[in-house]
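Understanding the architecture of this molecule
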Protein chains: 8
Amino acid sequence: MTNPIVGIVMGSDSDLPVMEQAAHQLESFDIPFEIRIISAHRAPREAFDFATSALGRGLKVVIAGAGGAAHLPGVIAGLTILPVIGVPIESSSLNGVDSLYSIVQMPSGVPVATVAVNAAKNAAILAAEILATSDNDLRQRLLDFKEKLELDVKGKDAKLQRLGWKDYK
Amino acid sequence: MTNPIVGIVMGSDSDLPVMEQAAHQLESFDIPFEIRIISAHRAPREAFDFATSALGRGLKVVIAGAGGAAHLPGVIAGLTILPVIGVPIESSSLNGVDSLYSIVQMPSGVPVATVAVNAAKNAAILAAEILATSDNDLRQRLLDFKEKLELDVKGKDAKLQRLGWKDYK
Amino acid sequence: MTNPIVGIVMGSDSDLPVMEQAAHQLESFDIPFEIRIISAHRAPREAFDFATSALGRGLKVVIAGAGGAAHLPGVIAGLTILPVIGVPIESSSLNGVDSLYSIVQMPSGVPVATVAVNAAKNAAILAAEILATSDNDLRQRLLDFKEKLELDVKGKDAKLQRLGWKDYK
Amino acid sequence: MTNPIVGIVMGSDSDLPVMEQAAHQLESFDIPFEIRIISAHRAPREAFDFATSALGRGLKVVIAGAGGAAHLPGVIAGLTILPVIGVPIESSSLNGVDSLYSIVQMPSGVPVATVAVNAAKNAAILAAEILATSDNDLRQRLLDFKEKLELDVKGKDAKLQRLGWKDYK
Amino acid sequence: MTNPIVGIVMGSDSDLPVMEQAAHQLESFDIPFEIRIISAHRAPREAFDFATSALGRGLKVVIAGAGGAAHLPGVIAGLTILPVIGVPIESSSLNGVDSLYSIVQMPSGVPVATVAVNAAKNAAILAAEILATSDNDLRQRLLDFKEKLELDVKGKDAKLQRLGWKDYK
Amino acid sequence: MTNPIVGIVMGSDSDLPVMEQAAHQLESFDIPFEIRIISAHRAPREAFDFATSALGRGLKVVIAGAGGAAHLPGVIAGLTILPVIGVPIESSSLNGVDSLYSIVQMPSGVPVATVAVNAAKNAAILAAEILATSDNDLRQRLLDFKEKLELDVKGKDAKLQRLGWKDYK
Amino acid sequence: MTNPIVGIVMGSDSDLPVMEQAAHQLESFDIPFEIRIISAHRAPREAFDFATSALGRGLKVVIAGAGGAAHLPGVIAGLTILPVIGVPIESSSLNGVDSLYSIVQMPSGVPVATVAVNAAKNAAILAAEILATSDNDLRQRLLDFKEKLELDVKGKDAKLQRLGWKDYK
Amino acid sequence: MTNPIVGIVMGSDSDLPVMEQAAHQLESFDIPFEIRIISAHRAPREAFDFATSALGRGLKVVIAGAGGAAHLPGVIAGLTILPVIGVPIESSSLNGVDSLYSIVQMPSGVPVATVAVNAAKNAAILAAEILATSDNDLRQRLLDFKEKLELDVKGKDAKLQRLGWKDYK
């Protein structure tokens, strides 16, 4: 069995419906990953252990999702030199703005690579882009993926021209 | 020498001009305190040690100031059962809204007692109110402080009536 | 019967579904409390009486929830030296931002310990942390509570490892 | 000497540079007024006394300016049936948004007539409009004032046409 | 039949479910009013005629509700010296913040008395307070109304004490 | 068959329910148009080709709708001197504020004519106004349209007067 | 002398430093224009006359700048079928967000073509793009302008490559 | 001479004072880079060429800074599978919120790794972390850098303990 090279972590199992989109996307790229529920606030020792051991265990990228005062990505970034991708999750009454600011506004010296609110799928694509900087096979899969994105849009446009805007569904 | 019962911590020495207002206020209440520069992101091990040892070393309240993705109060709150007072510091281009959201929107189970942006003095008063729940002498000092607040306002109003609004300065 | 040491107050019975989470949590900590509907705007005399009598009646902490132009926590804080915990309630069209700003941005001299929007449960935990600064039994209950928080997260993570992310529910 | 019929109140003498614009405007309308420094948070008893006695002392309108968690207008409105005009003052790091929300988002039953951030002059004009509903002389002064507003704009436009936009100053 | 002394206007019949709360409240105060659909943008001549004729037709207060780029209250205020009360209506995707800013941030010289988002009932109460500055009967009705507000809160509090928070409904 | 003179483009078929309102409105003005699905991010070459060929193919106005980091209007505006109308679509958790800022805040030299969030119908009306600057027939249709807007409002007001506010539906 | 075909209007002479950028830009395109100070709130009759006469006097586009509750562009758009370009001016404590929302969030039927905060120059370029839909000479000037924009950027990039980033100034 | 493996791009030379911090940081890590002024709006062909050639020319990471409707990072991300790091630059009246939203809220399929407003230095550190996933020497330099961050904080704390908070400077 292949060792995971990406770690997906989230602060609560209520974040799983969002974060499993990252898992699906990594799977489709054939990138081995682990997925964990780890809370920076409720189980800080596990977060500490996860982050400090990540490099040694062979992880190359961490994807961390969190909502509200979303500290998990930043706490991990403080404890490892691996690139950490943060996914702000819309879990409170403030529309995810709190999650976004808590993740992206990191202090000098400790970046978190932040994606859009709830954009776990994009986090996985970014992880793949990072890994592809040294993996030619993955690079090709990404080029294929990007071509497919373009073909999908062109297909929808062709369908719209064919059916007309009144009959498109 | 008296052991500190309040810990004032901040993420950077650039926060000191704000946070020293807490120190002044505690001093005026005769509350012994320690003051530390501890970063949740740049020196996470020290933050971990500070937070996990705080109760055992005799601290009763922690005041933590931070700006931007202001994780320090929340990280400490995750590691201790002491009440943690968070001071959002206006240190970025977002007017302190990022700091406020990052501190106040804590998840269920781990509160941070948040005060206004840059309100380090109020953090110290809140710490005194907390300590006064079991300290009658301090309670009296707080009652005196509150009376003085009222007298100050009444004094300014009396001055305004005396000088008139055109000559008040 | 035990005298209440925490007062839970709210401006309207429509706030009860949020604020009863504070009651449940205090109950689980065995902390005696009273719960009141008191409006700073519609019944200001009762708010005045509640706040000025709170200390003398033996209360040690006040938890006040309010929405919109949420003045109740601040009005009480102006009339007592007890620590006042404010719960911003999301009751208007502005997502609770108005409630949050109205509660947290208190002027110098009169702090309100603000928790997250709708976070009445956290307000109760904070009240317990405050009381535990002089109550060793309660301190132990809080340590147990914090341990349970950690165990819950670890239990969910273990379940996720066991079931896998595709079958977790 | 004429009894005041408008009360101008503010929470702190630091608000005077804004609030004195209301005084100037009332003076230019020949409306007798009183001006007070009264804090809802630091001197709540005086605020209580001011508000409950206002109607009996002959006041017809109250103008209240406050910043941050700006409770003064709402607290007064809870204690009187006089129309209360609120002036949000930009006194904190949040650009006056906190003051605006704290003043305007009053609960059902207790309105505050809110004007723009720092718009003390407009508060005085609004007070005059309210008083003019039963004062024909004041009505005429308001009609003259409005005509002058229009003439000022037309005068500036005429000057712009005369000098041209490159030479206008 | 009594001539109307308050004019309620709104930009669209889709605003009626909010604005009819003002009508109900005025009716309960026995204040005669007219209610109109008038758009500053789609029927500007009618808005112009309404505003310029309001004073002459005997109106004393105008209540204007509008959403989005909510110009109706301000346009009317530019054309009359009657007090204009603005009700920001939450009718767009921006939660009513656009309506609030468009109504409250009026330029110097032309105030609009702004109430909370969707607070048409409070607009009517404010209109009553304005009219009561010269109407002793109405003043008494307002005092009764305020007393009833207080009794309602006290009644709910009494019910809460009687039933307990677990059984309150 | 008439050549299109307006191009409606959108980044995804999920934007069609909003953007088809522009199509309906252009149709009612008898303005020939084309409608395309073109993504600035997923099919950038097609966006490039569309924008650089638009002028030569006879288009006179482009209407572009997009949500989130809504780049499509701006990217097209960078590649053509045709007027580009941007429609911010509310497609993310941030209420359309992200779409609005991404479209309206264009740098010096490259304007996008931005309309309200989701206001595709208004985009079509604006396109008609632009085309009418050199088309007298269309000008007349716009004058008729504007008159109808006014009649609609007056009709609703008349109905309100007839039925009364309690029976209006 | 050429008749103006663009009207630049602003609510106050304090807006002139921003709006004169539109004048400069129109001048550089050789587009004849008039420039007026017209207030929707303080001189509404002039605004009414300006807007209703604009089409008849030969104007083809209106550029209107305003700040705060920025009604001028929308009021004009309600009274003419000419395309109206709105420039939100940052003139209040709210960073121009109030101006932006007040201008862009127009109701269905009455669009305003909104540009970025303070972007009067872009408003003029947009006016030129609109006029160029029926003016081949102006079209060529716009193509030249766009080419120059590109050359400027390329020139700066070339300079950066030549001097290096440490010596660029 | 070494070929660049990181490309730093910005939309305008006015962004250079922010973006040169990325250059300094990459230099200190001995990472070869190129630095370009490329505008997605004013020189879109160069942006297109830069992005489509980046992978082939040996770049491994792109750092793109932009302000306002900040399209540059997203436009590049649409044209390459290299990881693109976006730096929101505070260049407009909206405090950088517009830049942040325009960069981070990318649609599904095309991520941009967003850092804090103006955080060009952190963008360079993130680039280094990405490159270090396949470069052991660089990994060591990052570990050293992280250790130095920690030592700096500890040094400042030690100085604070030595000098005391009243004499710290």
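Notes on the structure in this doc start here.

Criteria and cut-off values
- Residues numbered from 1 in each chain as written.
- Chains lettered and ligands numbered in written order.
- Predicted model: local features only at pLDDT ≥ 70, side-chain atom pairs only at ≥ 80, totals over all residues.
- Heavy atoms only, no water.
- Phe/Tyr/Trp six-rings, centres within 6.5 Å; stacked < 30°, edge-to-face > 60°.
- Helix = DSSP H or I, 4+ residues; strand = E, 2+ residues; numbered from the N terminus.
- Buried < 20%, exposed > 50% of the residue type's maximum accessible area, 1.4 Å probe, protein only.
- Least-squares fit on C-alpha atoms with pLDDT ≥ 70 in both.
- Contact = heavy atoms within 4.5 Å.
- Axes fitted to C-alpha atoms, helices over the stretch in contact; angles between N-to-C directions.
- Left-handed = near helix turned anticlockwise from the far one by under 90°.
- Nonpolar A, V, L, I, M, F, W, Y, C, P; charged D, E, K, R; others polar.

1. A few points about the packing of aromatic side chains
By the definition in use, this model includes 24 aromatic pairs over all chains. Here Phe33(A) and Trp165(C) contribute two aromatic rings whose centre-to-centre distance is 6.1 Å and whose plane-to-plane angle is 50 degrees, an arrangement assigned as tilted. Separated into two different chains, Phe33(A) in strand β2 (residues 33-37) and Trp165(C) in the segment after α6 (136-163) make up a pair that spans both. Both residues of the pair, Phe33(A) and Trp165(C), belong to the buried class. Both rings, one in Phe29(E) and one in Phe145(E), keep their centres 5.4 Å apart while their planes meet at 70 degrees; by these two values the pair is edge-to-face. With Phe29(E) in the loop between α1 (16-28) and β2 (33-37) and Phe145(E) in helix α6 (residues 136-163), this residue pair connects regions lying 116 residues apart in the sequence.

2. Quick notes on the relation of the copies chain H and chain G
Expressed as a screw transformation, the operator carrying chain H onto chain G has a rotation angle of 90 degrees and an axial translation of 0.0 Å, and the superposed copies differ by an RMSD of 0.0 Å. Look at the turn and shift together and you get a four-fold axis relating the two. The position closest to the rotation axis in chain H is occupied by the C-alpha of Asn95(H), lying 5.7 Å away. Taken together, the interface assignments show that only 5% of the residues at the interface of chain H recur at the interface of chain G, consistent with different surfaces on the two copies.

3. A few points about the packing of helix α1 (residues 16-28) of chain C against helix α5 (residues 120-132) of chain C
All names here are of chain C. One way to put it is that α1 packs onto α5 with a least axis distance of 7 Å and a crossing angle of 35 degrees. Here α1 runs over α5; the crossing is right-handed. Note on element contacts: α5 touches α1 through Ala120, Lys121, Ala124, Ile125 and Ala127, opposite Val18, Met19, Gln21, Ala22, Gln25 and Leu26. Classifying every residue of the contact of α1 with α5 gives 8 nonpolar, 2 polar and 1 charged.

4. Details of helix α2 (residues 44-54) of chain A
Of the positions making up α2(A), those classed as buried are Pro44(A), Glu46(A), Ala47(A), Phe48(A), Phe50(A), Ala51(A) and Ala54(A). Looking at the buried positions of α2(A), the neighbouring elements they touch are β1 (6-10), β2, β3 (61-67) and α3 (72-77) of chain A, α2 (44-54) of chain B together with α6 of chain C.

5. Considerations on the relation of the copies chain C and chain B
Taken as rigid bodies, chain C and chain B are interconverted by a rotation of 180 degrees and an axial shift of 0.0 Å, the fit giving an RMSD of 0.0 Å. Such a combination of rotation and displacement between the chain copies is what one expects of a two-fold axis. An overlap of 100% is found between the interface residues of chain C and their copies at the interface of chain B, pointing to a shared contact surface.

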